[in-house]
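The residues making up each chain are set out below.
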Amino acid sequence: MIRSGRGGKSFRVVAILALLGAAAFPLYWMFVTSTTPSSELFAADARLIPKPSEIGVYREAFGGTSVTTWVRNSAIVAVGTTVLSIALAIFPAYALSRFRFRGMGVVGFGLFITQMLPEAMLVVPLYAIFGDLALLNTLSGLILANSAFTVPVITWILKGAIDGVPIDIEEAARIDGCSRLDIVLGVVLPLVAPTLAAAAVIAFFHGWNEYIFAQTLISDQDLRTASVGLAGFVGELSTPVHTVMAIGLMYTLPAVIFYLFVQRYVVAGMTAGSVKG
Amino acid sequence: MIRSGRGGKSFRVVAILALLGAAAFPLYWMFVTSTTPSSELFAADARLIPKPSEIGVYREAFGGTSVTTWVRNSAIVAVGTTVLSIALAIFPAYALSRFRFRGMGVVGFGLFITQMLPEAMLVVPLYAIFGDLALLNTLSGLILANSAFTVPVITWILKGAIDGVPIDIEEAARIDGCSRLDIVLGVVLPLVAPTLAAAAVIAFFHGWNEYIFAQTLISDQDLRTASVGLAGFVGELSTPVHTVMAIGLMYTLPAVIFYLFVQRYVVAGMTAGSVKG
Amino acid sequence: MASIKLDRVTRTFGTKTAVNNVSLEVPDREFLVLLGPSGCGKSTLLRMLAGLESVSSGEIHLDQRRVDQLPPSARDMAFVFQSYALYPHMTVRRNITFPLIMREFKWWFHLPIVGGMAKRKIEESPNVSDLVGRTAKILALTEMMDRFPRTLSGGQRQRVALGRAMVRQPQVFLMDEPLSNLDAKLRMSMRAEIIKLHREVGGTFVYVTHDQVEAMTMGTKIALLRDGVMQQFGTPREIYLNPANTFVARFIGTPPMNLIEGRLEEGALRIGEGVFALPPHLAAVAHGNQAHVLVGIRPNSLTIAAEGEGTLAGKVALVEHVGAESVIDVRLDHATTAHREEGEGRNEVMITESGYSDLRANDTVRVRIDLTDVVFFSPDSGLRLRPEPRGATPHPAS
Amino acid sequence: MASIKLDRVTRTFGTKTAVNNVSLEVPDREFLVLLGPSGCGKSTLLRMLAGLESVSSGEIHLDQRRVDQLPPSARDMAFVFQSYALYPHMTVRRNITFPLIMREFKWWFHLPIVGGMAKRKIEESPNVSDLVGRTAKILALTEMMDRFPRTLSGGQRQRVALGRAMVRQPQVFLMDEPLSNLDAKLRMSMRAEIIKLHREVGGTFVYVTHDQVEAMTMGTKIALLRDGVMQQFGTPREIYLNPANTFVARFIGTPPMNLIEGRLEEGALRIGEGVFALPPHLAAVAHGNQAHVLVGIRPNSLTIAAEGEGTLAGKVALVEHVGAESVIDVRLDHATTAHREEGEGRNEVMITESGYSDLRANDTVRVRIDLTDVVFFSPDSGLRLRPEPRGATPHPAS
């Protein structure tokens, strides 16, 4: 922490305001739009204050759709993606952080390759493979497909955090009788907990919002996720924009709740910086 | 670096092989598929070796489409997104790393909020705003929209790297006569160069692959990006899968080239760990 | 031409007071050492001088100029960090030249290619490259100007950090434990180099350390701090001979001063069963002061003696050999020691003797006291007992 | 019950040889200090003992058992790290108990709730909690068992690290500069605590340091390394009195031994213009050895003298006061010194005198040499010159 004079202070205030604005605005915008009648929506001067009289749109939104089923499916997919991708990312992240070997560059390339490939590109081969493996139309198949995209990013993030764990602490654990597995699970993971929380948020949101695979690999109505359901609404010209926004806000809520659940750890990581014995 | 006995070694070999496999497989798969005639594509035993006789598919792919225009547009969007989102992320990242203030938790929340909101949700309000601001049907509008999604992630990643820059080095720069701006640009940025490179890769790929905004906000054929153009192909039932794969591989190539361009820095960051004076 | 004056300087962090009401004044060209244990506020004080911390209350003056509200770069002070804090992405040459480049800095120096050329132009201008070259020569860095800090050893990095400070030719050099990351042998030779530097480049030095040997050998003035409060300020000799309280007495000197409980009885001092006649300067202190005192005795004022008068009985607890000297810990039979800071105390006193002592643990010995340099402290306040005003002081009080 | 034997132990990293062919043997209950400057390989050697580094060639034996191929946990050694390396996410109690928990570890201890309960059960079992309680009491940690490492001071963390080592009751304690992160005063008192620990808990200690004072006071045996090669191995006294070469001579002792170029002339020693008669034990060394020698003289064997025979003329260069002692640097007029490692040398010798010297820089003085403890080195190899086999050695060679 820098305790600084006047220059630093104004810099800080501006930075905070900018960030807060960026943070709060989209949610607020959604709320305002959801309470704006369609007739006013494309008016020249955009509305900036919600209209409480229009709050009934929420009752309406809940009534006509199978929102609860969608949200439940999305929750299963998001939690599954989170658990699976963290489980798969831990060991590569540890290896990248602690070992030096020829071909690290190639591995680094691999960490980005799924980001280079557009999902649309992989849908066809995945559809074929999933057909063979009987994973089509299952939530676990969707979890698997999502994890393929989150694992590299999470590996990269965890690797950075593990870099910050002093090697001495690991060596102390070896002397105390820990195997390599014991060290990773018992010493390294608790020390990177804040980053783990951040990684969980990223994986959860990816699973929650993923659209293309959810649309392609799932055809059963009962297994449809919220992102696909919502898109169905948006696509229908008959759906008024404010209803879309109302459902959208409900759709966003579980993700926000999940975030609030882990934010204690995330913020701890933001304030703590690196690990010290 | 841990120099370890037998246990560590086998662990390492397994980790490398797993990562290499994950890295190389998708590209290889695409290549194999592109040279597989449609008739064989859904055969019970999947083909694992490319068929050189079918290489002509690439000539075919180039012939019939405006691939070059798409790729040029995508490159503009991707580079623009990279530059803009890094420029916007640097200062919040620095502020989050160096200052302590009430409401950091709220800001942390803000860093994730655009990840919580599905893009589909924002398309309508963005369309309205962009209409007002005459940003519809422009590549700069698309760059702006993409940056809104990449800035939070990049802020988060840069913040982690800046945490690793010793505060002493900044204080030395203050004593030597640097303003806060000089410190950020002249001292902090060069020291987080590897992370900056990783952030650039993430932003570039996001801009390159983004689909929903590119589809909605751009209607002019000449401004269409590769992701949208490609999706058009995939949608057409008449396009044979192997042609799709061929075009997909060409589509992926610029992204790979960009990656190879910055990978020197990324790998330097992977091997170096934290900054030391 | 740069005297430093601190006037009731205080710094609080939340409810904690790191530096409490410190006032002191040193003239130009002094070598001021801020000394004390970890967490005593010495680094905070130095950082306030540099402008890296703000002052909660009080004033800092450089010559006649009040500087405590100025930004660091306007104070004309250089700072050498404990961690060296070199710029890892710059060569040694650029590290040393950096403060000079910043003097002529324009915003467009941040531009990639043009900025780099402009900086190189400054670096290669005759004035700058001369000055940098001379500095490098003094510090024996000429050979390694194009290397990067990560390729240097600890001592070389330390010298680059010194070079970056010297090249600005500041009025004041501030150094925050600059030697503590070096190994014991290198620390000794760098100590000599810094003393030489002080003599040759001039300027006022302020040096923070927790090592009393560094303070005693380098400083022309020492300010000893504890919990943010200045305990004593004076020359090394004053502080060694006339410690203001028991903390100072125990902190300065290796091994530390022994503190033994005693009783003043009509011109004599009783310790346990032993009675010692007081020399005149001590009798003056004793006069009019309370009967119970803490007697401060340096380890070299004690000797192992044969049976005899004016000695104390004890048993050897430990013998340490440090080269030419032996340190003998003796547990006294009847006297009580008062070394509170180190746990139980166990009534041990430390005695230094030159040569290799053949004593072993549990040998029975007698200890003779040379009263010449003995000092008295109040057992309640820990403060030094001084003679009544009318008495003459044998040593000037600090 | 744990003697340590190193047999031609070598460790290479790429083309660099960190430890080169080191052999030594210490019986049970010794306190072996591995001493040397930064980068001499002492830490690598310790880490090979612990099993944290593998051995490139050679063997390590603990008693009769060869251990160099065993994993660290099978060697029955505890390790105290320079950085303490406490587990930041565990309380002090859990930190100390951790090695005992690992002895009974099952894979399902990793499970969130069940594992936590199982670990707590071990922690609270009478055997374990007794042992941990006793250890905590010895180290005065009882009050802070439920706190986390980040809330402790440096000295307290150091004691927790010692506790974690002690609780395993290992045959060997390995310590890697455990005191170097503490401040000067605390370092001294922890030094005494570790010596006490060695006496009370038994076991063989191997201690790495770059500080020769620590080595001299703590060690019962010292192995002095330089660039991976062992320079000398022996008791502190042997190493101090009989340095094997000029490096050892200069490394041990504060201030370091003076090395002056001299010439042996028929039973006498000529240094510059001065001629000194040799005592018998030195005459025996002189006999049959070459004429040119380096004369090693401890600073306390030199004294400032009045005009007279058997003295050397010089000028005072610097006077340092360290408490009870003064260190006087004198630049000799006609003699040449050979302190190669510190740059130009400038023909200065260091002299220690007790008390506060009133000499000032540039005073003209004469220096007297006490030849009793003087040693001779070869100017070419730097090796100690010893008497011909038939001569008697006054001190046993190491």
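Owing to the predicted nature of the structure, the values given are computational and were not obtained by experimental measurement.

This brings us to the overall build of chain A. Within chain A one finds 13 helices and 0 strands. Shown N-terminal to C-terminal, the secondary structure of chain A runs as helices and strands in the order α-α-α-α-α-α-α-α-α-α-α-α-α. For chain A, the residues scored as buried account for 55% of the 277 residues in total. Accessible surface for chain A amounts to roughly 11300 Å². Of this, 68% is attributable to carbon and sulfur atoms.

Before going further, it helps to examine the overall build of chain C. Per the secondary structure count, chain C includes 10 helices and 20 strands. A principal-axis box enclosing the C-alpha atoms of chain C has dimensions of 85 × 45 × 35 Å. Classification of the 398 residues of chain C by burial places 56% in the buried group. Restricting the contact set of chain C to residue pairs at least 6 apart, pairs at least 24 apart contribute 69%. When the accessible surface of chain C is totalled, it reaches about 16900 Å², and 49% of it is carbon and sulfur. Where the 47 positive side-chain charges of chain C centre and where its 45 negative ones centre are 9 Å apart.

To continue, consider the interface of chain C and chain D. The interface of chain C with chain D comprises 38 residues on the first partner and 38 residues on the second. Here chain C meets chain D over a buried area of about 3000 Å², counting both sides, of which 59% is carbon and sulfur. Ranking the residues of chain C by area buried against chain D places C:Asp183, C:Lys185 and C:Arg237 at the top, with a combined share of 18%. Taken together, the links from chain C to chain D amount to 10 residue pairs in polar contact (both at pLDDT 80 or more). When contributions to the side of chain C that touches chain D are tallied by element, the ones reaching two or more residues are α6 (184-201), α7 (212-218), α8 (236-241), α9 (246-251) and β16 (311-322) of chain C. For the side of chain C that touches chain D, the element with the highest residue contribution is α6(C), accounting for 9 residues.

Our next topic: the domain arrangement of chain C. Along its sequence, chain C is carved into domain 1 (4-241) and domain 2 (256-377). Measuring from the centre of the C-alpha atoms in domain 1 of chain C to the corresponding centre in domain 2 of chain C gives 41 Å.

Turning our eyes to something else, we now look at the relation of the copies chain C and chain D. Its rotation angle being 180 degrees, the transformation that places chain C on chain D also includes 0.0 Å of axial translation and leaves an RMSD of 0.1 Å. Between the two chains, the operation in question is that of a two-fold axis. Looking at chain C, 100% of its interface residues are interface residues in chain D too, so the copies touch through the same face.

On to the pattern of salt bridges. Within this structure, the stated rule accounts for 28 salt bridges over all chains. Here the salt bridges share partners, and the residues they tie into one network are A:Glu171, D:Arg47 and D:Glu53.

If you walk through the whole model with that rule in mind, you get 24 aromatic pairs over all chains. Clustering of aromatic rings is evident, with ring pairs tying together C:Phe31, C:Phe173, C:Phe205 and C:Tyr207. Taking the ring centre of D:Tyr356 as reference, the NZ or CZ of C:Arg237 above it sits at 3.4 Å.

This part takes up the sheet that holds strand β10 (residues 229-234) of chain C. Residue and element names in this part refer to chain C. If you trace the 6 strands from one edge of the open sheet to the other, you get β6-β7-β8-β3-β9-β10, paired in mixed fashion. Taken across any chain shown, the strands that pair with only one partner, and hence form the sheet edges, are β6 (77-80) and β10. Each adjacent strand pair in this sheet contributes to an overall mean axis angle of 15 degrees, direction not counted. Along the sheet, helix α5 (residues 154-166) makes contact with β6 and β7 (172-176), crossing β6 at roughly 170 degrees. α6 contacts β3 (31-35), β7 and β8 (204-209) of the sheet and is inclined by roughly 160 degrees relative to β8.

What follows concerns the pairing of strand β14 (residues 292-297) of chain C. All names here are of chain C. The element β14 is extensively covered by neighbouring structure, given that 5 of its 6 residues are classed as buried. Relative to β14, strand β11 (residues 258-265) runs antiparallel, the two sharing 6 bridges. Bridging from a neighbouring strand, Glu 261 pairs with Leu 294 of β14.

What follows covers the nonpolar core. Of all hydrophobic cores here, the largest spans 131 residues; its most connected members are C:Leu6, C:Leu34, C:Leu45, C:Leu174, C:Ile194 and C:Val206. Of all the elements, helix α10 (residues 193-209) of chain B adds the most residues to this core, at 9 residues. Setting aside anything within four residues of it in sequence, one finds C:Val206 in contact with C:Ile4, C:Leu32, C:Leu34, C:Leu46, C:Leu49, C:Val172, C:Phe173, C:Leu174 and C:Met175. Listed in part, the 79 residues of the second largest apolar core include A:Ala172, D:Ala85, D:Val206 and D:Val208.

All names here are of chain A. Relative to each other, helix α4 (residues 67-98) and helix α7 (residues 139-163) sit at 40 degrees, their axes nearing to 5 Å. As far as their axial angle goes, α7 and α4 are oblique. Regarding α4 and α7, the two cross each other, and that crossing is right-handed. Here the residues of the contact of α4 with α7 sort into 18 nonpolar, 9 polar and 3 charged.

Turning our attention to helix α1 (residues 42-50) of chain C. Residue and element names in this part refer to chain C. In terms of residue burial, α1 counts as a mostly covered element, since 8 of its 9 residues are buried. Three or more residues of α1 are buried, namely Lys 42, Thr 44, Leu 45, Leu 46, Arg 47, Met 48, Leu 49 and Ala 50. Directly after α1, the chain includes Gly 51, whose backbone phi takes a positive value near 95 degrees.

Further remarks concern helix α4 (residues 126-138) of chain C. All names here are of chain C. Between its terminal C-alpha atoms α4 stretches 18 Å, which fits the 18 Å expected from 13 residues at 1.5 Å a residue. All buried positions along α4 are accounted for by Val 128, Leu 131, Val 132, Thr 135 and Ala 136. Mapping the buried residues of α4 onto a view down its axis gives an arc of 135 degrees, with all of them on the same face. The exposed residues of α4 that point more than 90 degrees off its buried face are Pro 126, Asn 127, Arg 134 and Lys 137. With its phi angle positive at about 55 degrees, Ala 140 sits one or two positions after the end of α4.

Right, let's get into the environment of C:Ile297. Residue and element names in this part refer to chain C. Following the sequence through the fold, Ile 297 ends up in strand β14. For the pair Ile 297 and Phe 81, spaced 216 residues apart in the sequence, the C-alpha separation amounts to 37 Å. With residues up to four places along the chain from it excluded, the contact list for Ile 297 reads Met 257, Asn 258, Ile 260, Leu 302, Ile 369 and Val 374.

Take the environment of B:Val124 next. Positionally, B:Val124 belongs in helix α6 (residues 119-132). C-alpha separation for the pair B:Val124 and B:Thr216, spaced 92 residues apart in sequence, amounts to 9.1 Å.

With that settled, consider unusual backbone geometry. Following C:Thr254, the chain continues into C:Pro255 via a peptide bond in cis, with omega recorded as -10 degrees. For C:Pro255, the position within the fold is in the loop between α9 and β11. Residues other than glycine seldom take positive phi values, yet A:Asn137 does so here, at roughly 65 degrees. Relative to the helices and strands, A:Asn137 is located in the loop between α6 (119-132) and α7. Relative accessible area serves as the criterion here: at 27%, A:Asn137 is assigned to the partly exposed category. Positioned with a positive phi, C:Ala85 is a non-glycine residue whose angle comes to about 50 degrees. Summarising the element assignment, C:Ala85 is placed in the loop between β6 and α2 (92-103). Under the relative-accessibility criterion, C:Ala85 is labelled buried at 2%.

What counts and what doesn't
- Residues numbered from 1 in each chain as written.
- Chains lettered and ligands numbered in written order.
- Predicted model: local features only at pLDDT ≥ 70, side-chain atom pairs only at ≥ 80, totals over all residues.
- Heavy atoms only, no water.
- Helix = DSSP H or I, 4+ residues; strand = E, 2+ residues; numbered from the N terminus.
- Buried < 20%, exposed > 50% of the residue type's maximum accessible area, 1.4 Å probe, protein only.
- Areas by Shrake-Rupley, 256 points an atom, 1.4 Å probe, with all protein chains shown as cover.
- Contact = heavy atoms within 4.5 Å.
- Lys, Arg positive; Asp, Glu negative; His and termini not counted.
- Charge placed at Lys NZ, Arg CZ, Asp CG, Glu CD.
- Buried area = accessible area lost by both parts, 1.4 Å probe.
- Polar contact = N/O pair within 3.5 Å; in protein donor to acceptor, adjacent residues only side chain to side chain.
- Domains from an automatic or database assignment.
- Least-squares fit on C-alpha atoms with pLDDT ≥ 70 in both.
- Salt bridge = Lys/Arg side-chain N within 4 Å of Asp/Glu carboxyl O.
- Phe/Tyr/Trp six-rings, centres within 6.5 Å; stacked < 30°, edge-to-face > 60°.
- Lys NZ or Arg CZ within 6 Å of the ring centre and 35° of its normal.
- Pairing = 2+ DSSP bridges.
- Axes fitted to C-alpha atoms, helices over the stretch in contact; angles between N-to-C directions.
- Core = buried A, V, L, I, M, F, W, Y, C linked by side-chain atoms within 4.5 Å.
- Parallel < 35°, antiparallel > 145°, perpendicular 65-115°, else oblique.
- Left-handed = near helix turned anticlockwise from the far one by under 90°.
- Nonpolar A, V, L, I, M, F, W, Y, C, P; charged D, E, K, R; others polar.
- Expected span 1.5 Å × (residues − 1).
- Arc of directions from axis to C-beta.

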